[in-house]
Amino acid sequence: RSEGAKSKNHPLVLGSKTFIPGFEEEVVGMEPGTKKEFTVKFPADYHVEDLRSKDVTFATELMKLEEMQMPEMTPEFFAKLKNEKITDLDSLKSEIKAYLVASKDAEERNRQEEEILKQLIEMTKMEVPHALVHDEIHYMEESFAERLQGMGLTMDRYLEANKKTHEDLHKDWDPEATRRLTARFALLEIAKAEKLEPT
């Protein structure tokens, strides 16, 4: 019911479990154009601290209902994909497998990079200027506000729910901003020492 928590035409795939536990079950059986109010208890580990384990009432309206259907594996279907590598079911499976393998490879690469950065930061001794930390925090805040907007929330609503101010948020993010900047400067020094240039 809060102004900052409204979301219009928000898509929900039943069975995806992307909403608050219990929300989907309340939507099941609704017809397009109907409205319904129901109360759902938020999880104890919800990201908005003030909503954890709280009973929250939702006012919902079902705008439209669609059913997902698997297409027939016909030549016409493969032509619609507009991918010259996919011409039949076998090639479709091969492309899907290649995509999944590439995703896992990228995931592992990111994990390794994070581990290397963690160790690099631990061995780096430097004083990061406050002005740079301040700028980094503002960049982090802008990115966070965009993510909140994607979830149908606003920064003001988030701060209100967590009983925080912008100053509190900046104080909380100071260590992470410092960590990011330390890693950035350390990598620049390594690049300089190893004479690394972008190709």
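Whatever comes next refers back to the structure up there.
Every value quoted in this text rests on a predicted model; they were computed, and no experiment measured them.

## Describing the side chain of histidine 170
In step 1: Here histidine 170 lies in helix α6 (residues 166-193).
In step 2: The class for histidine 170 is buried, based on a relative accessible area of 18%.
In step 3: At a separation of 2.9 Å, a polar atom in the side chain of histidine 170 contacts the side chain of glutamate 141.
In step 4: Non-local contacts of histidine 170, meaning those with residues more than four positions away in its chain, are made with Ile137, His138 and Glu141.

## A few points about the layout of surface pockets
In step 1: There is about 1800 Å³ of room inside the largest pocket.
In step 2: Forming the boundary of the largest pocket are 44 residues, of which Ser7, His10, Phe19, Phe23 and Thr60 lie nearest the centre.
In step 3: Every element with two or more residues in the lining of the largest pocket is listed here: α1 (23-27), β2 (55-61) and α5 (155-161).
In step 4: Sort the elements by how many residues they give to the lining of the largest pocket and β2 lands first, with six residues.

## Concerning the nonpolar core
In step 1: The biggest cluster of nonpolar side chains holds 27 residues, and the ones touching the most others in it are Met155 and Tyr158.
In step 2: Counting residues per element, this core draws most heavily on helix α4 (residues 130-150), which supplies five residues.
In step 3: Other than its neighbours up to four places away in sequence, methionine 155 contacts Glu141, Phe144, Ala145, Leu148, His166 and Leu169.
In step 4: Residues Leu117, Leu120, Ala183 and Ala186 belong to the second largest nonpolar core, which totals five residues.

## Topic: the packing of aromatic side chains
In step 1: Considering all chains together, one arrives at nine aromatic pairs under this definition.
In step 2: Taken together, the ring pairs connect Phe19, Phe23, Phe38, Phe42, Tyr46 and Phe58 into an aromatic cluster.

## So, the environment of asparagine 9
In step 1: As for its placement among the helices and strands, asparagine 9 is situated in the segment before α1.
In step 2: A residue is classified by how much of its surface remains accessible, and asparagine 9, at 55% relative accessible area, is exposed.
In step 3: Sequence-wise, asparagine 9 and leucine 65 are 56 residues apart; in three dimensions their C-alpha atoms are separated by 11 Å.

## Notes on the pattern of salt bridges
In step 1: Within this structure, the stated rule accounts for 13 salt bridges.
In step 2: We note a salt bridge from glutamate 107 to lysine 104, for which the minimum N-O separation is 3.8 Å. In this pair, glutamate 107 and lysine 104 are both assigned in helix α3 (residues 89-123), three residues apart and thus about one turn of the helix distant.
In step 3: Classification of lysine 104 by relative accessible area gives exposed; the value is 54%.
In step 4: The partner of arginine 179 in a salt bridge is glutamate 176, and the shortest N-O contact between them spans 3.0 Å. With arginine 179 and glutamate 176 both in helix α6, this residue pair falls three residues apart, about one helical turn.
In step 5: A single network of salt bridges, built from pairs that share partners, joins Glu136, Glu176, Arg179, Arg180 and Arg184.

## Let's talk about a nonpolar patch on the surface
In step 1: A contiguous nonpolar patch, built from Met126, Leu132, Phe185 and Leu188 and spanning about 320 Å² of accessible area, is present on the exposed surface.
In step 2: As for its placement among the helices and strands, leucine 132 is situated in helix α4.
In step 3: Look at leucine 132 and you get partly exposed, because its relative accessible area is 33%.

The rules we used
Residues numbered from 1 in each chain as written. Predicted model: local features only at pLDDT ≥ 70, side-chain atom pairs only at ≥ 80, totals over all residues. Heavy atoms only, no water. Helix = DSSP H or I, 4+ residues; strand = E, 2+ residues; numbered from the N terminus. Buried < 20%, exposed > 50% of the residue type's maximum accessible area, 1.4 Å probe, protein only. Polar contact = N/O pair within 3.5 Å; in protein donor to acceptor, adjacent residues only side chain to side chain. Contact = heavy atoms within 4.5 Å. 1 Å grid on protein atoms, 1.4 Å probe; cavity = no way out; pocket = protein on both sides within 12 Å on 5 of 7 lines; lining within 4 Å. Points joined across faces, edges and corners; volume = space filled by probe spheres on them. Core = buried A, V, L, I, M, F, W, Y, C linked by side-chain atoms within 4.5 Å. Phe/Tyr/Trp six-rings, centres within 6.5 Å; stacked < 30°, edge-to-face > 60°. Salt bridge = Lys/Arg side-chain N within 4 Å of Asp/Glu carboxyl O. Patch = residues over 30% accessible without salt bridge, like charges linked within 9 Å, V, L, I, M, F, W, Y side chains within 5 Å. Areas by Shrake-Rupley, 256 points an atom, 1.4 Å probe, with all protein chains shown as cover.

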